[in-house]
Amino acid sequence: MSSGVLTIGDLSKATGTKVETIRYYERIGLLAAPDRTSGNYRAYGAKDLGRLSFIRRARDLGFGLEQVRELLGLSDQKQRSCEAVDVIARDHLADVDRKLADLKALRRELDSIIRQCRCGTIAKCRIIEALAPIDPSNL
């Protein structure tokens, strides 16, 4: 490839994104369809690299695809207030906080179950009992 032109493999390596994921982002419109070489290979440039890096970082931070789409659209409007970006980020942070609270509750429950274990037989294992489905004959 000529200077400044990246293949899909180059783009993949540069961003740590799988080739199939890059193609998927193209299909759903997060990445524009790239130019093609005379041999019909995808040809990416610095702008594509920057956009994919943005997408990759946002995804690494847990933003959903629609949030990424919104953020990309907003990032193209340089003179606009960043209030809308702030709202998206704050909503995502609230989701992260909810997930953390759920994980902390899960941890407490697992810790409680594990502390009840007396390392006896499976027949009297508190962990197995806690995981077992409700016996319909007890209803």
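Heads up: these notes are all about the structure in this document. For every chain, the first residue of the written sequence is number 1, and numbering continues from 1 along that sequence. Residues qualify for local features only when their pLDDT is at least 70, as the model is predicted, and side-chain atom pairs are given and counted only at 80 or more; totals for whole chains, interfaces and linings, by contrast, use all residues. Hydrogens are left out, water is left out, and the side-chain values use all remaining heavy atoms of the structure.

Along the protein, the regular secondary structure elements total six helices and two strands. Every helix listed is a DSSP run of H or I at least four residues long, and every strand listed is a run of E at least two residues long, numbered separately from the N terminus. Listing the helices and strands of the protein from first to last along the sequence gives α-α-β-β-α-α-α-α. C-alpha atoms define the radius of gyration, and 2.2 Å times the number of residues to the power 0.38 defines the globule rule. Taking 14 Å as the expected radius of gyration for a compact globule of 139 residues, we find that the protein reaches 24 Å, considerably beyond that expectation. Over its C-alpha atoms, taken along the principal directions, the protein stretches across nearly 70 × 40 × 25 Å. Looking at the protein residue by residue over its 139 residues, the buried ones come to 21%. Exposure classes here rest on a 1.4 Å probe applied to the protein chains alone. A residue is buried below 20% of its type maximum, exposed above 50%, and partly exposed in between.

Right, let's talk about the nonpolar core for a bit. Take the buried Ala, Val, Leu, Ile, Met, Phe, Trp, Tyr and Cys residues and link them wherever side-chain atoms come within 4.5 Å; each set so joined is a nonpolar core. Grouped together as the largest cluster of nonpolar side chains are 16 residues, with contacts concentrated most on Ile22, Ile55 and Val68. Contributions of two or more residues to this core are made by helix H1 (8-15), helix H2 (19-27), helix H3 (46-60) and helix H4 (65-75). By definition, residues are in contact when any of their heavy atoms lie within 4.5 Å. If sequence neighbours within four positions are ignored, valine 68 has contacts with Leu30, Ile55, Ala58, Arg59 and Phe63.

Moving on, we get to the packing of H3 against H4. A pair of packed helices can be characterised by two numbers: the angle between their axes and the separation between those axes. Where H3 contacts H4, the two axes come as close as 10 Å, and the packing angle between them is 135 degrees. By the angle between their directions, the pair H3 and H4 is classed as oblique. Here H3 runs over H4; the crossing is right-handed. Touching Arg51, Phe54, Ile55, Ala58 and Arg59 of H3 are Leu65, Val68, Leu71, Leu72 and Ser75, all from H4. Amino acids are sorted into nonpolar (Ala, Val, Leu, Ile, Met, Phe, Trp, Tyr, Cys and Pro), charged (Asp, Glu, Lys and Arg) and polar (every other residue, Gly among them). Of the residues assigned to the contact of H3 with H4, the class counts are seven nonpolar, one polar and two charged. Under this scheme, a helix contributes an axis fitted over its contacting stretch, all axes are lines through C-alpha atoms, and angles between N-to-C directions fall in the 0 to 180 degree range. Throughout this description, any angle smaller than 35 degrees is read as roughly parallel, any larger than 145 degrees as roughly antiparallel, any in the 65 to 115 degree range as roughly perpendicular, and the remainder as oblique. Rotating anticlockwise by less than a right angle from the far helix to the near helix defines a left-handed crossing, while the corresponding clockwise rotation defines a right-handed one.

One way to put it is that H1 packs onto H3 with a least axis distance of 10 Å and a crossing angle of 45 degrees. Taken together, the axis directions place H1 and H3 in an arrangement best described as oblique. Every pair of crossing elements has a handedness; the one defined by H1 and H3 is right-handed. Note on element contacts: H3 touches H1 through Asp48, Leu49, Leu52, Ser53 and Arg56, opposite Leu11, Ala14 and Thr15.

Before going further, it helps to examine the side chain of histidine 92. The topology assignment puts histidine 92 in helix H5 (residues 83-115). Exposure remark for histidine 92: the relative accessible area of 8% places this residue in the buried category. Only 2.8 Å separates the side chain of histidine 92 from the backbone oxygen of leucine 61, close enough to count as a polar contact. In this structure, histidine 92 is in contact with Leu61, Gly62, Phe63 and Gln67, ignoring residues within four places of it in sequence. Within 3.5 Å is the distance limit for a polar contact, defined as a pair of N or O atoms, with the added protein rule that one can donate a hydrogen and the other accept it, and that residues adjacent in sequence qualify only through two side-chain atoms.

Among the secondary structure elements, aspartate 48 is positioned in helix H3. Non-local contacts of aspartate 48, meaning those with residues more than four positions away in its chain, are made with Leu11, Leu31 and Ala43.

A separate point is the environment of leucine 52. Within the element layout of this structure, leucine 52 appears in helix H3. Sequence separation between leucine 52 and alanine 14 is 38 residues, and the spatial gap between their C-alpha atoms is 9.7 Å.

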